[in-house]
Amino acid sequence: MSVEHFDVLIVGAGISGIGAGYHLQARCPGKRYAILEGRSDIGGTWDLFRYPGIRSDSDMFTLGYSFRPWKQAKSIADGPSIREYLRETAREHGIDQHIRFNHRVRSASWSSEEARWTIEADVGASGERVRYTCSFLYLCSGYYSYEGGYTPRFPGLEDYQGRVVHPQKWPEDLDYRGKRVVVIGSGATAVTLVPSMAADAEHVTMLQRSPSYIASLPAEDPIANAIRKLLPERAAHSVARWKNVTLGTLFYQLCRRAPGLAKRMLRSGVVKELPPEYDVDTHFQPSYQPWDQRLCLVPDADLFRAIKAGRASVVTDRIRTFTKNGILLESGKELQADVIVTATGLQLQICGGIQLSVDGEVVEPSRTLVYKGMMLGNVPNLALCVGYTNASWTLRAELSSKYVCRLLNHMDRNGYRQCLPRPDESTIEQRPLLGLTSGYVQRALDHLPKQGSKAPWYLRQNYMLDRLSMQFGPVDDGTMMFSKAGQPPRRDAPKAARHGHANGSSA
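So, how was this worked out
- Residues numbered from 1 in each chain as written.
- Predicted model: local features only at pLDDT ≥ 70, side-chain atom pairs only at ≥ 80, totals over all residues.
- Heavy atoms only, no water.
- 1 Å grid on protein atoms, 1.4 Å probe; cavity = no way out; pocket = protein on both sides within 12 Å on 5 of 7 lines; lining within 4 Å.
- Points joined across faces, edges and corners; volume = space filled by probe spheres on them.
- Helix = DSSP H or I, 4+ residues; strand = E, 2+ residues; numbered from the N terminus.
- Nonpolar A, V, L, I, M, F, W, Y, C, P; charged D, E, K, R; others polar.
- Axes fitted to C-alpha atoms, helices over the stretch in contact; angles between N-to-C directions.
- Contact = heavy atoms within 4.5 Å.
- Expected span 1.5 Å × (residues − 1).
- Buried < 20%, exposed > 50% of the residue type's maximum accessible area, 1.4 Å probe, protein only.
- Phe/Tyr/Trp six-rings, centres within 6.5 Å; stacked < 30°, edge-to-face > 60°.

## Describing the layout of surface pockets
Approximately 1,100 Å³ is the volume attributed to the second largest pocket. Together, 42 residues line the second largest pocket, and L217, L247, G248, F251 and L297 are the ones closest to its centre. Mapped by element, the contributors of at least two residues to the lining of the second largest pocket are β10 (214–217), α6 (222–230), α7 (233–257) and α8 (259–273). Here the lining of the second largest pocket gets eight residues from one element, more than from any other, and that element is α7. When the residues that make up the lining of the second largest pocket are grouped by side-chain class, the tally is 22 nonpolar, 12 polar and eight charged.

The following block contains the structure:
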């Protein structure tokens with residue numbers, strides 16, 4: 001059986017994979033590529049999640065692509081609008097012609113002798129196994145499992161006679177009109193669901209074990225919309241993007257360097273939106289520092305407006321047990337509920353759950369170091385697309401795709417077949433990949449790669465510094481090893497064998 005070969009295989013046709021396809025076409029026009037997508041449509045997260053009110057928790061000038069301006073008035077956009085934006089982008093640039101849907105990649109094995117990956121995928125409902133090969137593998141499969149979210153083991157759940165749903169598997173037939181709803185959770189999903197469901201439900205209660213930091217932003221960015229009236233479309237998009245990058249970076253730095261001031265600012269914003277008698281410190285004053293967990297955004301204060309209108313409420317307590325009609329809390333209070341939504345988080349997953357092996361040895365991602373936040377140490381010709389935790393995912397995704405193109409062009413110019421970031425582990429202290437204290441991150445730390453204590457092995461949460469490093473820094477930096485022969489690159493290879501042009505292409 002003949003096996004189809006590609007220069008580059010991209011896994012995932014979500015926001016990262018579509019962007020990767022664009023940059024490959026623009027910067028490496030001679031490369032033949034395909035995108036393998038496990039689902040039946042474009043969109044990734046924005047096609048999977050269908051719960052009420054789903055929207056971005058970042059502005060669309062930075063979550064959208066640098067090369068395709070966001071044209072709608074709303075900066076904080078709803079899920080269907082984002083999904084259509086991705087479809088239009090793929091269609092306009094012909095990227096959709098490279099996508100192979102219903103291809104769920106199961107394994108990828110690297111041969112140094114052949115300098116290629118062999119990918120095995122299950123196709124469609126039948127699960128027919130197909131095989132491809134590629135010279136470079138780019139995993140744009142996100143950071144969580146699409147199979148299902150995280151739901152804790154709740155005592156007494158089997159006694160509850162209402163309906164329990166998880167936002168990741170939202171049922172199309174769920175009718176909550178005029179019903180009592182309890183949403184368990186306090187993160188971005190919960191604060192999105194509560195005001196949206198409150199428009200039709202009898203009442204929605206957000207039940208949280210502890211509060212999260214929540215800030216209100218206008219759904220429409222008045223400054224960006226004013227810029228659009230003054231400048232051409234692409235120029236306006238770029239100015240608005242840099243405005244939001246700069247403001248986001250400054251606020252993040254404020255949170256890390258002056259957390260007390262940031263706390264007071266966030267608290268005053270909540271106080272302004274709620275009635276004078278509201279117990280803000282119980283329900284909206286977290287015990288952790290700002291940006292120890294992701295900040296939750298609510299457009300046009302919709303959560304606070306639902307609370308003021310009496311359509312929604314927040315309860316801060318712990319669950320003792322589920323009951324026949326709802327949830328009994330540790331305080332002794334019982335919440336009556338016809339529908340319970342467990343907005344309790346995601347299951348983090350690296351490399352899309354794909355089993356990786358190099359020359360017959362299984363790669364355990366948890367035992368690897370991450371190079372420039374996008375490659376695994378000692379794993380050749382493979383990159384991951386991972387976004388920021390403190391800013392829009394797409395900002396870092398685009399930097400990663402541009403760097404992959406620089407790397408591929410550098411290899412072509414020098415006749416290299418293999419590249420591999422090789423850490424000198426004796427000089428690097430290993431640290432957790434993500435610095436967030438969120439439950440979904442802490443549950444997965446043992447399964448994630450590690451970052452190091454020094455460049456290029458630590459994951460900077462700073463777009464401006466990353467942009468300088470990844471777009472203009474040297475590709476051949478003494479850490480990235482290269483090889484022309486059918487053998488793994490070696491750190492002790494002669495200098496002439498592994499050093500080409502110092503800077504690669506900054507295109």
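## Let's talk about the packing of α7 against α8
Between α7 and α8, whose axes approach to 5 Å, the crossing angle comes to 120°. For the pair formed by α7 and α8, the contact residues are F251, L254, C255, R256 and R257 on the first element and P259, L261, A262, M265 and L266 on the second. Taken together, the residues that form the contact of α7 with α8 break down as eight nonpolar, no polar and two charged.

## Some details on α7
Owing to its 3.6 residues per turn, the α-helix aligns residues three or four sequence positions apart on the same side. The end-to-end C-alpha distance of α7 is 36 Å, a good match for the 36 Å that 25 residues give at a rise of 1.5 Å each. By the burial criterion, the buried members of α7 are A236, H237, A240, R241, K243, N244, V245, T249, Y252 and C255. Elements in contact with the buried residues of α7: α3 (60–63), α6, α8, α11 (393–414) and α13 (463–472).

## A word on the packing of aromatic side chains
Centre distance and the angle of the planes are the two values used to describe a pair of aromatic rings. Per the counting criterion, the structure on display carries 20 aromatic pairs. Where F154 meets F322, the ring centres are 5.1 Å apart and the plane angle is 40°; that geometry is what we call tilted. Here F154 is found in the loop between β6 (128–139) and β7 (163–165), whereas its partner F322 is found in strand β13 (residues 319–322), with 168 residues between them in sequence.

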